[in-house]
Amino acid sequence: MWNSPVRFVEGTVYIATSVCGNRLPEALVMIKSVFIFTDTPTHFIFFTEPELRPPLEHQLKIWQSLQPNISYTFRLASYPASANESSWKLLYRPCSTLKLFLPDLLTELDAVLVLDTDVLFLRSPKGFWAHLYQMRPFQLMGLSEETPSATLGWYPNHVSAFKIYEDKGVNGGIWLMNLTRLRQHNFTREVLHIYDQYGEYIDFGDQDVVSIFYGRRPDLAYIYPCEWNYRTNHCIDAERCLSAEQVGVYLIHGIAGVFHRKSSSNYHTLAGFIHHCFQEFQLDTDARTFLLEPIQHAITQARRWTFCHQYKEVFTKAIGTPLI
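Just so you know, these numbers come straight off a predicted model, no measurement behind them.

**Student:** Would you mind going over the state of the cysteines in detail, with residue names and values included?
**Tutor:** One covalent bond between the sulfur atoms of two cysteine residues makes up a disulfide. Within this structure, the stated rule accounts for three disulfides. Covalent S-S linkage joins Cys-226 and Cys-241, the inter-sulfur distance amounting to 2.0 Å. With the S-S dihedral at roughly 95°, the linkage between Cys-226 and Cys-241 falls on the right-handed side. Of the two residues, Cys-226 sits in the loop between β8 (221-223) and α10 (242-247) while Cys-241 sits in the loop between β8 and α10, which places them 15 residues apart along the sequence. There is no split in this pair, since Cys-226 and Cys-241 are both buried. Across a sulfur-sulfur distance of 1.9 Å, Cys-235 and Cys-308 are joined as a disulfide pair.

**Student:** Residues and numbers for the packing of aromatic side chains, please.
**Tutor:** Under the criterion given, the structure shown has 19 aromatic pairs. Ring geometry for Tyr-14 versus Trp-129: centroids 6.4 Å apart, planes at 50°, classification tilted. Placement of Tyr-14 in strand β1 (residues 13-19) and of Trp-129 in helix α5 (residues 125-129) is noted, with a sequence separation of 115 residues between them. By relative accessible area, Trp-129 is classed as buried at 10%. Ring pairing ties together the aromatic residues Trp-2, Phe-44, Phe-46, Tyr-72 and Phe-74, which thus form one cluster. We note Arg-53 situated over the ring of Trp-2; from NZ or CZ to the ring centre the distance is 4.9 Å. Positioned above the aromatic ring of Trp-175, the side-chain terminus of Lys-99 is 5.2 Å from the ring centre.

**Student:** Before we move on, could you go through unusual backbone geometry and cite the residues and values that matter?
**Tutor:** One non-glycine residue, Tyr-92, adopts positive backbone phi at about 75°. Judged by relative accessible area, Tyr-92 falls into the partly exposed class, the value being 38%. Positioned with a positive phi, Ala-256 is a non-glycine residue whose angle comes to about 55°. Take Ala-256: it is sitting in the loop between β9 (251-253) and α11 (270-280).

**Student:** Which residues make up the nonpolar core, and what values do they have?
**Tutor:** The biggest cluster of nonpolar side chains holds 115 residues, and the ones touching the most others in it are Trp-88, Leu-102, Val-112, Met-141, Tyr-214, Phe-278 and Phe-315. Among the elements that take part in this core, helix α1 (residues 24-37) stands out by supplying 10 residues, more than any other. Apart from the residues within four sequence positions on either side, Trp-88 is in contact with Tyr-79, Ala-83, Thr-97, Leu-100, Phe-101, Val-191, Leu-192, Tyr-195 and Val-209.

**Student:** Outline the environment of Leu-179, supporting the account with residue identities and numerical values.
**Tutor:** Counting through the fold element by element, Leu-179 comes out in helix α7 (residues 179-184). Under the relative-accessibility criterion, Leu-179 is labelled buried at 0%. Each C-alpha atom, one on Leu-179 and one on Arg-261, is 35 Å from the other, the two residues being 82 residues apart in sequence. Aside from chain neighbours lying at most four places away, what touches Leu-179 is Leu-102, Pro-103, Leu-106, Leu-109, Asp-110, Ala-111 and Val-112.

**Student:** Residue-level account of helix α12 (residues 287-301), with values.
**Tutor:** Between its first and last C-alpha atoms α12 spans 20 Å; for 15 residues at 1.5 Å apiece the expected length is 21 Å, and the two agree. Buried within α12 we find Ala-287, Leu-291, Leu-292, Ile-295, Ala-298 and Ile-299.

**Student:** Give a detailed account of helix α2 (residues 53-64), specifying residues and quantitative values.
**Tutor:** Because each turn of an α-helix spans 3.6 residues, side chains separated by three or four positions end up pointing in the same direction. For α2, with 12 residues, the first-to-last C-alpha span of 16 Å sits near the 16 Å given by 1.5 Å per residue. Arg-53, Leu-56, Glu-57, Leu-60 and Trp-63 are the residues of α2 that are buried. Taken down its axis, α2 places every buried residue within 125° of arc, on the same side. Exposed and oriented more than 90 degrees from the buried face of α2 are Pro-54, His-58 and Lys-61. The inward-facing, buried residues of α2 abut α1, β2 (42-48) and β3 (70-76).

Criteria and thresholds
Counting from 1, residues in each chain are numbered in the order their sequence is written. This being a predicted model, a pLDDT of at least 70 is required before a residue's local features are given, and a value of 80 or more before pairs of side-chain atoms are given or counted; all residues contribute to the totals for chains, interfaces and linings. Note that water and hydrogens are dropped before the side-chain values are worked out from all heavy atoms of the structure. To count as a disulfide, a pair of cysteine sulfur atoms needs to be within 2.5 Å. Numbering goes from the N terminus for both helices and strands, where a helix is a DSSP run of H or I of at least four residues and a strand is a run of E of at least two. Relative accessible area decides the class of each residue, using a 1.4 Å probe on protein chains only: under 20% of the type maximum gives buried, over 50% gives exposed, and in between gives partly exposed. For Phe, Tyr and Trp, rings pair up if their centres lie within 6.5 Å, where Trp contributes its six-membered ring, and each pair is then called stacked (planes under 30 degrees apart), edge-to-face (over 60) or tilted (otherwise). Here, a charge over a ring means that NZ of Lys or CZ of Arg falls within 6 Å of the ring centre while also lying within 35 degrees of the ring normal. Think of a nonpolar core as a cluster: buried Ala, Val, Leu, Ile, Met, Phe, Trp, Tyr and Cys residues, connected wherever their side-chain atoms sit within 4.5 Å. In this description, contact between two residues means that some pair of their heavy atoms is separated by no more than 4.5 Å. Working rule for helices: expected span equals 1.5 Å times residues minus one. This arc is taken over the directions from the axis of the helix to the C-beta atoms.

This is the structure we're talking about:
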């Protein structure tokens, strides 16, 4: 059944993701990482296209027999009546902007963790979900800064048409959304107004929209620690994620296709090697032997010019503990 209501159950982590176009293989690896590390009831809401549901559901049923804590529902990847679907659906990447309208599409839920498909959990999502309860009463979303400095990254050097959050911008891949507060704030109306005003200047879809929104109201944003959205730019000295160097990486975000660049002659990434290990891992086998050890081996064998090599310890510091 499509579009069946999601039943709220106290203590459950709710994850929403859009799976459209060619994103199914990448989405399955992301989902697998949740199955591996979750230690609490978790419910996925998949916004997808009719032709992608059968292969996705087939794999989910197999994995669910191994991890019954996880449940799921399907929603058609369609936009609310207030949005022009033909304009929004193909803005940046197929369906990526759908997350902007979740307050209207998931009216039965109070909060949701929103993920792009190019992420990998190295710890239980429960730890991330806990940040919802650290938000101040007026904050609407948990976000990650796009860059730690107002002089670095894409936005400070390429965007002048609109003001962005703290002159740094926020990342579009992983959001903690307090849906109730967003509805009370008429967030959808603000989103549509931003698009009407700046649509011709928007390059990165939903990320640009929220960067503009929180550029106007930075007080409404909760910035969660960067170990929950670790990206390759954090391996550049000027943009280091210092907290991840202390506790390890909890979630890898494979921006700019880095999960799939492992065959490049001069741009190997540790993220690509790790993603490949998750892709090959079978959920009915021992995670320490067949996931952690291959990751450790890949990192050990990585050549010194591999991107992020100088910070390789951060990738195994967190993942080892729950698998031992």
